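Each chain, written out:
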Amino acid sequence: MFNKLRSFFSSKKNITYTVVIAMFWLKMTFIQGGVFALNMENINQSAILAFNPLSSIFLLFGLGILLAGRKGLLGAYIIGSILLYANVLFYREYNDFITIPMLGQAANLAGLGGSISDILSASDLLLFVDVFAAIFLLFYLKPSRFQSFMPRRKEGLIMAMIAIPLFIVNLAWAQTERPELLTRAFDRNLLVKNIGVLDYHVYDTLVQGQTKMKKTFADSNELVPALNYINEKKVEPNSEMTGVAEGKNVIVLSLESTQTFVVDNTLNGEELTPYFNDLKEEGAYFSNFYHQVKQGRTSDSEFLLDNSLYGLNRGAAFFTHAGNEYEATPEVLGENGYTSTVMHANDGTFWNRNTMYDSLGYDEFFDKEDYDVTEDKSFGWGYLDEYFFSDSLDKMEELDQPFYNKMITLTNHHPFTLPEEKKLIEEGDTSSGTLNRYFQTIRYQDEALKQFVEDFKASDLYDDTVLVIYGDHFGISENHQKAMGEYLDKDINDYEQFQLQRVPLLMIGEGIEPKEYDTLGGQIDLRPTIMNMLGVQDENPVQFGQDLFSEERDEMVITRDGNFANEDYVGVNEACYDRETGEEVEADLCTPGFDEAEEELGLSDSIVYGDLLRYLDETEMIEEKSSNNTDK
Ligand code: GP9
Ligand code: MN
């Protein structure tokens, strides 16, 4: 069999096959090895990476030939090239691979505005040179030198079939490095590293079909394991904090891309967040608080905030599950006499917000249309924070009280650009332009925050309002590790990268004692914390977070990748570190933590994918009934 194949591909007639396959193989290997940062740990992993393009090439080219002969082969070559390049662009922006639900959000890509030009590079044209070579080879090469190349449909079928054993070999080989690769809760980097980016798309398509079916076949019984888990995890909130803000307004302010490393930090001797550094002395400040978002970014942080459920590993729940039944904070507060609003000066449709906010129970969404967005007051992503803040305060003063109002800033967003006159400090001088500019937009945001909080303090609202400020997610991705290392003057390994996922959290208001907390927590905990301060008794809430002030809290935070930190350890990408020292320790020490993370994320996913909250009343009834029965 092997000899037959060899003589087939080296025969004069078929050498074109060999060249076309080799070109694509080379390109894919270059992209996988050179563009994506997949962290090769040993030679075996590199060999797998070099081998894994083959099965997808045989499948793709084989199907192309089967469907349309020579033209089909070229079509397959072009489609494959476009798919690879789309992943290159996506990876540069998101440090992740495209998933099908993200494709459904193509409209959002238009919103990337300034970011797009930032991720395109002239040298990318080189990634298409081979496409022209393929056209030449397949259609214009003189038959006198080689025999004319006319692939037969049957050969296409055979090629597509050869993809199967190639994939089996690939998978078996990969499993020597990573057992249960396809069945365990997965990390896309790991998948691409092992089966290649194109086979990963085949896998992603299958997962998509499966998750779609989950809702169709879900029934109320599926909610029971989640409810049991939540009951077991339940802790008493801190009673001293219960009701400290009863009947008060809440402003939740989400600061775009704001990470904890900027707090109390300087650049060339100048503070990056001078105002916030002082402000945090006036309230409860959490310095070990983590974002828990994935592909849904800001929208995921909103999802976590309002539901205390995790966002999804693929795509954004705001897009994929906006039609679900939720019991979100705005709805619960609505039953307690609150008005719920959102203020964000971007298009209402961006991240599907207008639809999702209805599902979450918001009464009103003040979007771009409601702000005085003019060209001179806009830059980069749109309305500058300082104008957003001042308009928003005016609007808030008009709201029915008590209100729950979420505000989302915009200026400190990748690619972190500002008009000259708004730059209050010099750029950084690290090797990353992104990080260098980030310092300036962070500094700008802090100035806008100052003006807002000062005006707010002077307004009538101040006495009756608690202000909760948090960072939505990281701004500086793993792509800029080297530059972060230069700035922080240390080597950024997986442990440090995990620590960089901290975002600030500050709560200010009467009854909230000024204090710095080093409690481990994450965005999943915001809702129970806020609800307890408002004294709102949310009967048996389906939530995975715990009150951040509770003395019974589990010291544990889980990120959407399935990584975690607990009292003693930080588990990242299957490795285990001492939380205190950052030293790598025996991997087994993190097994319980990884297992808990997997269980919790899995149960949260089961709720979102199965739209299980629609069964909540029914399930509570079943539970009550059965407990009545046992009473008898
Ligand atoms: C835009 C803002 C930013 O409306 O939410 O979105 P992000 O890219 O951070 O998710
Ligand atoms: Mn954001």
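Everything that follows concerns the structure shown earlier in this document.
Read on for an overview of the structure. Just so we're clear, the structure is a prediction, and the values are computed from it rather than from any experiment.

1. A short note on the overall build of the protein
In terms of helices and strands, the protein carries 24 helices and 19 strands. Here the C-alpha radius of gyration of the protein, 27 Å, is about what a compact globule of 632 residues would show, namely 26 Å. Oriented by its inertia axes, the alpha-carbon framework of the protein measures out at about 90 × 75 × 50 Å. Burial status across the protein gives 57% buried among its 632 residues. Expressed as a percentage of contacts within the protein between residues at least 6 apart in sequence, the contacts between residues at least 24 apart total 76%. Within the structure as shown, the protein displays about 27300 Å² of accessible surface, and the carbon and sulfur contribution to it stands at 53%. Across the protein, the 49 positively charged side chains and the 103 negatively charged ones have centroids separated by 16 Å.

2. Topic: the sheet that holds strand E4 (residues 284-286)
With mixed pairing, 8 strands are arranged side by side in an open sheet as E7-E6-E10-E1-E11-E12-E4-E13. Two strands close off the open sheet at either side, each with one partner strand: strand E7 (364-366) and strand E13 (515-517). Averaged over neighbouring strand pairs, the angle between their axes works out to 15 degrees when direction is ignored. Pairing geometry for E4 and strand E12 (residues 505-508), over 3 bridges, is antiparallel. Looking across to E12, one finds that Tyr 285 is bridged to Leu 506.

3. Quick word on the coordination of the manganese ion (ligand 2)
Taken together, Glu 256 (OE), Glu 256 (OE), Thr 298 (OG1), Asp 472 (OD) and His 473 (NE2) make up the full set of protein donors to the manganese ion (ligand 2), lying 2.1 to 2.4 Å away. Around the manganese ion (ligand 2) sit 6 donor atoms, and with donor-metal-donor angles ranging over 56 to 167 degrees the site reads as irregular. Coordination of the manganese ion (ligand 2) draws on donor residues from a single chain, spaced E-x41-T-x173-D-H in sequence. For Asp 472, a relative accessible area of 0% corresponds to the buried category.

4. Some details on the side chain of Asn 532
Within the secondary structure, Asn 532 sits in helix H22 (residues 526-534). On the basis of relative accessibility, which here comes to 7%, the residue Asn 532 falls in the buried class. Separated by 3.1 Å, the side chain of Asn 532 and the backbone oxygen of Asn 238 make a polar contact. Those residues in contact with Asn 532, other than ones at most four positions away along the chain, are Pro 237, Asn 238, Met 241, Thr 242, Gly 243 and Asp 547.

5. Observations regarding the site of ligand 1
Glu 256, Arg 297, Thr 298, His 344, Asn 346, Phe 350, Trp 351, Arg 353, Trp 381, Leu 410, His 413 and His 473 make up every residue found near ligand 1. One of the side-chain nitrogen or oxygen atoms of Trp 351 is found 3.2 Å away from an oxygen atom of ligand 1. In the environment of ligand 1, an oxygen atom lies 2.7 Å from a nitrogen or oxygen atom belonging to the side chain of Arg 353. For ligand 1, the accessible surface in isolation is 300 Å², of which the surrounding protein chains cover 99%. Its residues assigned to classes, the shell around ligand 1 comprises 4 nonpolar, 5 polar and 3 charged.

6. Some details on a negative patch on the surface
On the surface, Asp 394, Glu 397, Glu 398, Glu 454, Asp 455, Asp 460, Asp 463 and Asp 464 cluster together to form a negatively charged patch. Of all the elements in the fold, those that place two or more residues in the negative patch are helix H18 (385-397) and helix H19 (433-458). In this structure, Glu 454 sits in helix H19. Residue class for Glu 454 comes out partly exposed when judged on its relative accessible area of 40%.

7. Things to note about the packing of aromatic side chains
Within the structure shown, the criterion is met by 38 aromatic pairs. Measuring from centroid to centroid gives 5.6 Å for Phe 303 and Tyr 326, while their planes differ by 90 degrees, and the two rings are edge-to-face. With Phe 303 in helix H14 (residues 297-307) and Tyr 326 in the loop between helix H15 (317-320) and helix H16 (329-334), this residue pair connects regions lying 23 residues apart in the sequence. Arranged with centres 4.8 Å apart and planes meeting at 90 degrees, the rings of Tyr 357 and Phe 365 form a pair that is edge-to-face. For the pair Tyr 357 and Phe 365, one class covers both residues: buried.

8. Details of the pairing of strand E18 (residues 575-578)
Relative to E18, strand E17 (residues 569-572) runs antiparallel, the two being bridged by 4 bridges. Looking at E18, one finds that Gly 571 is bridged to Cys 576. What sits between the antiparallel neighbours E17 and E18 is a turn of 2 residues, in which Asn 573 has the positive phi angle 45 degrees. The hairpin turn running from E18 into strand E19 (residues 584-585), its antiparallel successor, is 5 residues long, and Gly 582 in that turn takes a positive phi close to 80 degrees.

9. Details of a nonpolar patch on the surface
Residues Leu 157, Met 161, Ile 164 and Ile 168 make up a contiguous nonpolar surface patch of roughly 400 Å² in combined accessible area. The topology assignment puts Leu 157 in helix H9 (residues 153-177).

10. A closer look at the packing of helix H4 (residues 53-94) against H9
Packing of H4 against H9 leaves a shortest axis separation of 7 Å and a crossing angle of 160 degrees. By the angle between their axes, H4 is roughly antiparallel relative to H9. Remark: the crossing between H4 and H9 carries left-handed chirality. For the pair H4 and H9, contact is made by Leu 54, Ser 55, Phe 58, Leu 59, Phe 61, Gly 62, Leu 63, Ile 65, Leu 66, Leu 67, Ala 68 and Gly 69 and by Arg 153, Gly 156, Leu 157, Met 159, Ala 160, Ile 162, Ala 163, Leu 166, Phe 167 and Asn 170, respectively. For the contact of H4 with H9, the per-class residue count stands at 16 nonpolar, 5 polar and 1 charged.

Each value, and the rule that gives it
Residues numbered from 1 in each chain as written. Chains lettered and ligands numbered in written order. Predicted model: local features only at pLDDT ≥ 70, side-chain atom pairs only at ≥ 80, totals over all residues. Heavy atoms only, no water. Helix = DSSP H or I, 4+ residues; strand = E, 2+ residues; numbered from the N terminus. Rg over C-alpha atoms; globule rule 2.2 N^0.38 Å. Buried < 20%, exposed > 50% of the residue type's maximum accessible area, 1.4 Å probe, protein only. Contact = heavy atoms within 4.5 Å. Areas by Shrake-Rupley, 256 points an atom, 1.4 Å probe, with all protein chains shown as cover. Lys, Arg positive; Asp, Glu negative; His and termini not counted. Charge placed at Lys NZ, Arg CZ, Asp CG, Glu CD. Pairing = 2+ DSSP bridges. Axes fitted to C-alpha atoms, helices over the stretch in contact; angles between N-to-C directions. Donors = N, O, S within 2.8 Å, 3.2 Å for Na, K, Ca; no water. Tetrahedral: all angles 85-135°; square planar, octahedral: opposite > 155°, others 65-115°. Polar contact = N/O pair within 3.5 Å; in protein donor to acceptor, adjacent residues only side chain to side chain. Near = heavy atom within 4 Å. Nonpolar A, V, L, I, M, F, W, Y, C, P; charged D, E, K, R; others polar. Patch = residues over 30% accessible without salt bridge, like charges linked within 9 Å, V, L, I, M, F, W, Y side chains within 5 Å. Salt bridge = Lys/Arg side-chain N within 4 Å of Asp/Glu carboxyl O. Phe/Tyr/Trp six-rings, centres within 6.5 Å; stacked < 30°, edge-to-face > 60°. Parallel < 35°, antiparallel > 145°, perpendicular 65-115°, else oblique. Left-handed = near helix turned anticlockwise from the far one by under 90°.

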